[in-house]
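Coordinate analysis (summary)
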Amino acid sequence: SFCRAIALPLSSKLGVKDKQRPKAQPNPMLETFYNTRCKTPEEGELISLAKQCDLPVRKVERWFRRRRNADRPSLSKKFCEACWRFIFYITSFVTGLAVLYDKPWLWDHRECWTGYPQQPLLPSLFWYYMLELSFYWSLVFTLPFDVKRKDFKEQIVHHAATIFLISFSYCANYIRIGTLVLVIHDASDCFLEPTKIFNYMKWKKTCDSLFMIFSAVFLISRLVVFPYTVLYNTYYYSMEIFQPFFGYYFVNVLLIILQLLHVFWSCLIIHMVYKFFIQGTV
C-alpha cells in the first residue's frame, strides 16, 4: 500500500522517529480488566486490583499508564496517514478546479438551478463525484484503524452527513451545488495535512506558518464562502426556479449539519490561534 511502500520509508528519511515507550509487564488479570472494563480505573478499582495481584497500587497505576501508551498511535503512523490524506486532498482539489473552472455555476451561482432538474451529467462531473464518494467511504471503513482523535464523534457525524449529501445530491441531480460543496471543503484540507506532516518532522516554524495559512483559509471558506455560495444558494436561489420538495428540505438539513460542524471546528481553531499569539506556540 501507499503507507508501506512510500510514506513509511519517507518518514524515516525525514527523521520522523517513534519514541521508545516502556512496555507493561504481562499480567492476565490487569489485561482482562483493561480490555473488558475500562482503560483508566478509578482509585478504588486500583486498590482492589492491587490486592488481587499482590502489587503496590503505584505499580498497578504505572501498568495502566504504560498499557494506554502502548495503544497510542506511533508518530510514524500519524505521518503516514497525513501523507496519504494530503495526496488525496491536493489531487481532489486540483481535479475540482480543473473540472469546474469553465463551468458557469462556479462564477454565477444562479446557474446551479438553470434548467433543473433536466441538467445533463457530464462524465468529468461523474468521475469527480465518484472520487470524492469513494474517499469518504474509505474513511468510514478505516475509522477503527485510523489515529483516534478527540473529535472522533464529530468526524463520524461529518463523514455520514457528507456521504448522505453526496449520494442524495447525485440521485436528486443536485450535482452543480454538490461540486461547489466539495471544492470548498478540499481548499482548506490541502493545508491541514502538510501542517501535521511538518509538525511530526519537528519543523516548528514551517508548521506554524502553514497552520496560520490553514486557519485563514478554513475560517474564510467555511464561515464566509460556504454560507454565501452554498447555504444561501440552496435556500434562496433555488426558490426562484421551483417550489420546495422533499429533496430541498433534506439537502438543506444536511448542509446545516455540516455548517454546525464548521462552527465547532472553527471555535477550536480560533482557540489555537489565540494560544499561538499569546504563548507563541500551537
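Note that the structure is a prediction, hence the values are computed from the model and not measured.

1. Side note on the packing of aromatic side chains
Going through the model one piece at a time under the given rule, you end up with 24 aromatic pairs. Centre to centre, the rings of Trp-113 and Tyr-116 are 5.9 Å apart; their planes meet at 80°, and the pair counts as edge-to-face. Taking relative accessible area as the criterion, Tyr-116 reaches 13% and is therefore assigned buried. Seen in terms of ring centroids, Tyr-232 and Tyr-237 are 5.4 Å apart; in terms of plane orientation they differ by 80°. Their pairing is edge-to-face.

2. Examining the domain arrangement of the protein chain
Taken domain by domain, the protein chain holds domain 1 (17–71) and domain 2 (75–279). Computed over C-alpha atoms only, the centres of domain 1 and domain 2 are separated by 41 Å.

3. Re the side chain of Asn-233
Along the chain, Asn-233 turns up in helix H10 (residues 204–235). On the basis of relative accessible area, Asn-233 is assigned to the buried category, the value being 0%. In this structure Asn-233 touches His-109, Cys-112, Trp-113, Ile-177, Leu-180, Tyr-228 and Ser-238, once residues within four positions along its chain are discounted.

4. Focus: the packing of H10 against helix H11 (residues 246–279)
Between H10 and H11, the least distance of the axes is 10 Å, while the angle of their chain directions is 155°. Classified by the interaxial angle, the pair formed by H10 and H11 is roughly antiparallel. Here the hand of the crossing between H10 and H11 comes out left-handed. Residue composition of the contact of H10 with H11, by class: 22 nonpolar, six polar and two charged.

5. Describing the pattern of salt bridges
Overall, the coordinates contain six salt bridges when judged by the stated rule. Between Glu-31 and Arg-67 there is a salt bridge whose closest N-O contact spans 2.8 Å. Placement of the pair is Glu-31 in helix H2 (residues 28–36) and Arg-67 in helix H4 (residues 57–71), with a sequence separation of 36 residues. According to the relative accessible area criterion, Glu-31 is partly exposed, its value standing at 24%. Arg-67 gets classed as buried once you look at its relative accessible area, which sits at 16%.

6. Structural notes on the side chain of Thr-162
Relative to the elements of secondary structure, Thr-162 occurs in helix H8 (residues 152–171). According to the relative accessible area criterion, Thr-162 is buried, its value standing at 8%. Aside from chain neighbours lying at most four places away, what touches Thr-162 is Tyr-136 and Leu-258.

Calculation rules
Residues numbered from 1 in each chain as written. Predicted model: local features only at pLDDT ≥ 70, side-chain atom pairs only at ≥ 80, totals over all residues. Heavy atoms only, no water. Phe/Tyr/Trp six-rings, centres within 6.5 Å; stacked < 30°, edge-to-face > 60°. Buried < 20%, exposed > 50% of the residue type's maximum accessible area, 1.4 Å probe, protein only. Domains from an automatic or database assignment. Helix = DSSP H or I, 4+ residues; strand = E, 2+ residues; numbered from the N terminus. Contact = heavy atoms within 4.5 Å. Axes fitted to C-alpha atoms, helices over the stretch in contact; angles between N-to-C directions. Parallel < 35°, antiparallel > 145°, perpendicular 65-115°, else oblique. Left-handed = near helix turned anticlockwise from the far one by under 90°. Nonpolar A, V, L, I, M, F, W, Y, C, P; charged D, E, K, R; others polar. Salt bridge = Lys/Arg side-chain N within 4 Å of Asp/Glu carboxyl O.

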